[in-house]
Amino acid sequence: MEMAAPQVLMIVGALLFGIGVIGFLTRRNMIVMFLSTEIMFQGVLTNLVGMGLLRGDLNGQALGIFVLVIAAVEAGLGLAIVVMLYRRRGTLDADGWRTMRG
Amino acid sequence: MIENLVYIVYAVTALGAVALFVGLPRGDKPQRNGLLFICMALAAGVSYFMFDAMLGSVGGKVPLIVLSLLSIGGALRMVTHPQPVYSALYFIMVILATTAILVLCGAEFLGFALAMVYAGAILVTYVFVLMLSQQSTLHSDAFTQGFDYDREAREPFWAVAAGSLLAATVGAVIVERDWGGIETVAVEGGDNTVALGRILMTQYAISVELAAVLLMVAMIGAIAVARKHIPQAEDLTPRRPLGAAGREAKPY
């Protein structure tokens, strides 16, 4: 069963992206901040599939595969940086690095 | 498509924003769970109506709507939960709901790849780092009550305002614009996986190779960033200069 529901997909994508932005801005735990960026990636992916349905070809889904790759790369590198920062300060609080504000 | 659907979109984002604002952890103040539940139920009802109106007379639309609501509700709860491990679990819920949505819409390969890569690989890494960095708190108060930085949100009002304005604007554009005739994907020769594999291996072949290189570079970079020098036994004993043994040996 296939459904042509690009608008629903795009709305879900927009809402997921907005929730991810809010999570990234409000949470102070670095790991939860990165999880919020993954939620934003989800929104973009859903949006891409919706746009692809609208066009009627598979280019949107092919682009979605590459978004998936970038998300994996971002998670790996981001978590490596989080581990490094945790070793330096002994906390996951992003405010532990507020001296970088200048 | 009913008239003035855009106002329903505004209502959904406003209710979601209130639910987020109420649900975000606020230090020592008790969580207002009743108000949060009412807001989430109202938002779910209004968005059910919105999705229902959007889909019109499409057959079998109830699973799609319910899955969309599950995905958005899981994301809301993930952002607001004061304990990171529960956030990770709600993130799995979002992933699985999105997977089911994609499968329903005919993007099976992408959906299952999403479930494997996110719920399988990425999330395990997250939980691993989480356990690694919070294991010292297993027997302290922080384990049950959470850390201070998890229990207090930073600038909740302005963040919620910015995020919900963004979502409302994008949603209004999506609803108001006339997207023309919507057609289902006419896949030539085989199912979704075969067609997607064909397009990836022909039209996007170089991009696939570049993605592979990128993954390898990221792996090496992650090892280089996160490695820690663990002193071994031979590091502790002072290293003798080259040729010292020869000089110390007695002449024959």
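Residues numbered from 1 in each chain as written. Chains lettered and ligands numbered in written order. Predicted model: local features only at pLDDT ≥ 70, side-chain atom pairs only at ≥ 80, totals over all residues.

Undergrad: Now, about the overall build of chain A: what can you tell me, with residues and values included?
TA: Of regular secondary structure, chain A possesses three helices and zero strands. When its helices and strands are written in sequence order, chain A yields α-α-α. Relative to the compact-globule value of 13 Å for 102 residues, chain A shows a C-alpha radius of gyration of 17 Å, a clear excess of over 25%. The dimensions of chain A, computed from C-alpha atoms along their principal axes, are 50 × 25 × 25 Å. Expressed as a percentage of its 102 residues, the buried residues of chain A come to 62%. Sequence separation of at least 24 residues holds for 55% of the intrachain contacts in chain A that already meet a minimum separation of 6. (Helix = DSSP H or I, 4+ residues; strand = E, 2+ residues; numbered from the N terminus. Rg over C-alpha atoms; globule rule 2.2 N^0.38 Å. Buried ≥ 20, exposed ≤ 12 C-beta atoms within 10 Å, placed from the backbone. Contact = placed C-beta atoms within 7 Å.)

Undergrad: Could you give an account of helix H3 (residues 59-89) of chain A, with specific residues and numbers?
TA: If you check H3 of chain A, its first and last C-alpha atoms are 44 Å apart, about what 31 residues at 1.5 Å a residue would give, namely 45 Å. Backbone geometry just after H3 of chain A places glycine 90 of chain A at a positive phi near 75°. (Expected span 1.5 Å × (residues − 1).)

Undergrad: How would you sum up unusual backbone geometry? Please name residues and give values.
TA: Positive phi outside glycine occurs at glutamate 155 of chain B, with the angle close to 50°. Using a count of 11 C-beta atoms within 10 Å as the deciding quantity, one classes glutamate 155 of chain B as exposed.

Undergrad: For the environment of alanine 162 of chain B, give the residues involved together with the corresponding values.
TA: In this fold, alanine 162 of chain B is placed in helix H8 (residues 156-176). For alanine 162 of chain B and alanine 75 of chain B, which are 87 residues apart along the polypeptide, the C-alpha to C-alpha distance reads 17 Å. Those residues in contact with alanine 162 of chain B, other than ones at most four positions away along the chain, are Val21 and Leu25 of chain A.

Undergrad: Would you mind going over the interface of chain A and chain B in detail, with residue names and values included?
TA: Accessible area lost upon the coming together of the parts serves often as the stated size of an interface. Taken together, the contacts link 62 residues of chain A with 76 residues of chain B. Contributions of two or more residues to the side of chain A that touches chain B are made by helix H1 (6-26), helix H2 (30-55) and H3 of chain A. Here the side of chain A that touches chain B takes 20 residues from H3 of chain A, the largest share from any one element. In terms of residue class, the side of chain A that touches chain B is built from 43 nonpolar, 12 polar and seven charged. (Nonpolar A, V, L, I, M, F, W, Y, C, P; charged D, E, K, R; others polar.)

Undergrad: An account of the environment of glycine 111 of chain B is needed here, citing residue identities and associated values.
TA: Residue and element names in this part refer to chain B. The residue glycine 111 is located in helix H5 (residues 108-134) in this model. A tally of 25 C-beta atoms within 10 Å means that glycine 111 is categorised as buried. The sequence separation of glycine 111 and valine 173 amounts to 62 residues, and the corresponding C-alpha distance is 26 Å. When near neighbours in sequence (up to four residues on either side) are disregarded, glycine 111 contacts Thr99, Leu102 and Val103.

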